[in-house]
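# An overview of the molecular structure
Chain by chain, the residues run as shown.
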Amino acid sequence: MSVVASTGDFERLARSRLPRFLYDYAAGGAYDEATLGRNIDDLRSVSLRQRVLRDVADIDTSTEMFGRRLPLPVALAPIGIGGMYRRRGEVQAARAAHARGLPFTVSTVALCSIEEIAQATSGPLWFQLYVIRDRGFMQDLIARAKAAKAEALVFTVDMPVPSARWRDAHSGMSGRWGPMRRLLQGAGKPLWALDVGLGGRPHRLGNLEPVLGTSSGMDDYMAWLGANFDPSIQWRDLEWIRHQWDGPLIIKGVLDREDARAAADIGAQAIVVSNHGGRQLDGALSSARALPAVADAVGGRVTILADSGVRSGLDVLRMLALGADGVLLGRAWLWALAAQGETGVTTMLELIEKEMRVAMTLTGIKTLTGVNRSILADGALQ
Ligand SMILES: Cc1cc2nc3c(=O)[nH]c(=O)nc-3n(C[C@H](O)[C@H](O)[C@H](O)COP(=O)(O)O)c2cc1C
């Protein structure tokens, strides 16, 4: 039996179960992976004030987000091809999130379509949209998200082009011999091959079927990413999106305070302070470092979510102390899913809650309304 005490344990289990190209695709980041590393290191180095004897017998980890009471200030981030990590993986992860009343974000490039997920589970779904050249297709996707009763639109703006990920070239995720290498790697991981390789079909990108057809595979995914993002997008194009979608609009991938102000100006309800988990601009600030300035610029005007590097309930509290109202979990859920399916994601969320409770107890906080920079130790922002 494998003991799971932390999200790091899930990552180790996932690594032993997955073919290399899938492990590396998720674990890796852009270029030299400097920002990937900083996300973890900077967040971990945020020290909180230890407080004692403050009667913290009743801790409340809940918060309000877009008119919904959530038991934790947490949602699951959009992760492309999550369904390659476990059989119909997005459905399993969404079920685990919904069992706890937490939102699950469906990626544009999920394996399971928004309709498949909405049918298989009930609970808050958010839909993530990339900037796609074909605006008509974007419009169709937004209409499908509405029909599936998605409660928020997460518009990802930090991927006008996919960045270079050296690991993917080395692992066989991309490159000339990719298909052959992936086949061999999959054959070497029989548990994964049975569960996902055979049992998890079809392996096509559900939301993109109208443009890619039913034969889409890993190469189509990588090619589509490269060909369909639109670097010509500007802030005023977001007014078009605003017009299509009247629910909460969340702009994901903001690190700069000027951009945060622009997002608030176009009427977004929320932003996600994120560097895409270190997968886009290598050398960008970690989210933990970028967050305080963004919070100073737009705190109170928009809901501030943050991600990149969050691996524990303590990290969640750190992000809140730096200025976030809520947090997206990325790799944390993907590793739990890959390791143990829906049960794994359930366990991961339990861990996050327990860790948050301990962290709140030891910092002397009873409710999340009391969380702000006053709980940071002196010098924590340097
Ligand atoms: C394998 C993988 C796939 C991702 N796919 C998407 C995606 O389709 N859309 C998106 O907006 N972000 C995507 N992201 C970024 C995540 O939503 C999130 O910002 C990131 O994982 C946060 O960093 P963390 O994993 O260190 O917590 C992806 C991240 C990973 C690791």
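These notes cover the structure that comes with them. Quick caveat, the model's predicted, so the values are computed rather than measured. (Residues numbered from 1 in each chain as written. Predicted model: local features only at pLDDT ≥ 70, side-chain atom pairs only at ≥ 80, totals over all residues. Heavy atoms only, no water.)

Our next topic: the overall build of the protein chain. Each helix and strand counted, the protein chain has 16 helices and ten strands in total. Here the C-alpha radius of gyration of the protein chain, 20 Å, is about what a compact globule of 382 residues would show, namely 21 Å. Dimensions of the protein chain along its principal axes, counting C-alpha atoms only, are 60 × 55 × 40 Å. Counting across all 382 residues of the protein chain, residues that qualify as buried make up 58%. If you sum the accessible surface of the protein chain, you get close to 15,600 Å²; carbon and sulfur atoms cover 51% of it. Of the side-chain charges in the protein chain, 44 are positive and 41 negative, and the distance between the mean point of each set is 4 Å. (Helix = DSSP H or I, 4+ residues; strand = E, 2+ residues; numbered from the N terminus. Rg over C-alpha atoms; globule rule 2.2 N^0.38 Å. Buried < 20%, exposed > 50% of the residue type's maximum accessible area, 1.4 Å probe, protein only. Areas by Shrake-Rupley, 256 points an atom, 1.4 Å probe, with all protein chains shown as cover. Lys, Arg positive; Asp, Glu negative; His and termini not counted. Charge placed at Lys NZ, Arg CZ, Asp CG, Glu CD.)

Burial along strand S10 (residues 326–329) is two-sided: Gly326 and Leu328 facing one way and Val327 and Leu329 facing the other are all buried. Two elements, strand S9 (residues 303–306) and S10, share two bridges in a ladder whose sense is parallel. Bridge pairing in S10 places Leu305 opposite Gly326. Handedness of the crossover joining S9 and S10 through helix H15 (residues 313–322): right-handed. (Pairing = 2+ DSSP bridges. Right-handed = clockwise from strand over helix to strand, strands pointing away.)

Right, let's get into the packing of helix H2 (residues 20–27) against helix H16 (residues 331–362). Look at H2 against H16: their axes get within 11 Å of each other, and the N-to-C directions meet at 160°. It follows that H2 is roughly antiparallel to H16 by the angle criterion. As for the relative orientation of H2 and H16, their crossing is left-handed in sense. Facing Tyr23, Ala26 and Ala27 of H2, the residues of H16 in contact are Arg331, Leu334 and Trp335. Among the residues forming the contact of H2 with H16, the class breakdown is five nonpolar, no polar and one charged. (Axes fitted to C-alpha atoms, helices over the stretch in contact; angles between N-to-C directions. Parallel < 35°, antiparallel > 145°, perpendicular 65-115°, else oblique. Left-handed = near helix turned anticlockwise from the far one by under 90°. Contact = heavy atoms within 4.5 Å. Nonpolar A, V, L, I, M, F, W, Y, C, P; charged D, E, K, R; others polar.)

Attention shifts here to the pattern of salt bridges. Following the criterion strictly, the structure yields 21 salt bridges and no others. Salt-bridge contacts for Arg86 lead to Asp195; the nearest nitrogen and oxygen are separated by 3.5 Å. Of this pair, Arg86 sits in the loop between strand S3 (74–76) and helix H4 (89–99) while Asp195 sits in helix H9 (residues 190–198), placing them 109 residues apart in sequence. The salt bridge partner of Arg144 is Glu115, with a shortest N-O separation of 2.8 Å. Taken together, the residues Arg144 in helix H6 (residues 135–147) and Glu115 in helix H5 (residues 114–120) connect sequence positions 29 residues apart. Salt bridges sharing common partners tie together Arg17, Arg86, Arg87 and Asp195. (Salt bridge = Lys/Arg side-chain N within 4 Å of Asp/Glu carboxyl O.)

Going through the model one piece at a time under the given rule, you end up with one cavity of 30 Å³ or more. In this model, the largest cavity occupies a volume close to 410 Å³. Residue lining of the largest cavity: 30 residues in total, with Pro78, Ile79, Lys252, His276 and Arg279 positioned closest to the centre. Of all elements in the fold, only H2, strand S5 (125–130), helix H11 (218–228), S10 and H16 reach the threshold of two or more residues within the lining of the largest cavity. Of the residues belonging to the lining of the largest cavity, the class tally is 15 nonpolar, nine polar and six charged. (1 Å grid on protein atoms, 1.4 Å probe; cavity = no way out; pocket = protein on both sides within 12 Å on 5 of 7 lines; lining within 4 Å. Points joined across faces, edges and corners; volume = space filled by probe spheres on them.)

Counting across every chain of the model gives five aromatic pairs. Relative to Trp333, the ring of Phe104 lies with its centre 5.5 Å away and its plane at 65°, an arrangement referred to as edge-to-face. Of this pair, Phe104 sits in strand S4 (residues 104–106) while Trp333 sits in helix H16, and the two are 229 residues apart along the sequence. The buried category is assigned to Phe104, whose relative accessible area is 1%. (Phe/Tyr/Trp six-rings, centres within 6.5 Å; stacked < 30°, edge-to-face > 60°.)

This paragraph deals with the nonpolar core. Most often, soluble globular proteins have nonpolar side chains that are buried together. Counting 130 residues, the largest nonpolar core has Ile81, Tyr85, Ile271 and Met348 as its most contacted members. Among the elements that make up this core, the one with the highest residue count is H16 (16 residues). Other than its neighbours up to four places away in sequence, Tyr85 contacts Leu18, Leu22, Tyr25, Ala26, Trp192, Val196, Leu334, Leu337 and Ala338. (Core = buried A, V, L, I, M, F, W, Y, C linked by side-chain atoms within 4.5 Å.)

A large share of strand S6 (residues 152–156) lies buried, amounting to five of its five residues. The alternating pattern of S6 places Ala152, Val154 and Thr156 on one face and Leu153 and Phe155 on the opposite face, and all of these are buried. With five bridges joining them, S5 and S6 adopt parallel strand pairing. Of the residues in S6, the one forming a bridge with Phe127 is Leu153. Handedness of the crossover joining S5 and S6 through H6: right-handed. Of the strand pairs in this sheet, S6 and strand S7 (residues 249–254) are connected by four bridges, and their pairing is parallel. Looking at S7, one finds that Phe155 is bridged to Ile251.

Position of Val345 relative to the elements: it lies in helix H16. Sequence separation of Val345 and Leu141 is 204 residues, and the distance between their C-alpha atoms is 27 Å. If we skip the residues at most four places from it in the chain, Val345 touches Leu76, Ala93, Ala96, Trp333, Ala336 and Leu337.

Counting buried positions over the eight residues of H2 gives seven, a clear majority of the element. Looking only at H2, the buried set comprises Phe21, Leu22, Tyr23, Asp24, Tyr25, Ala26 and Ala27.

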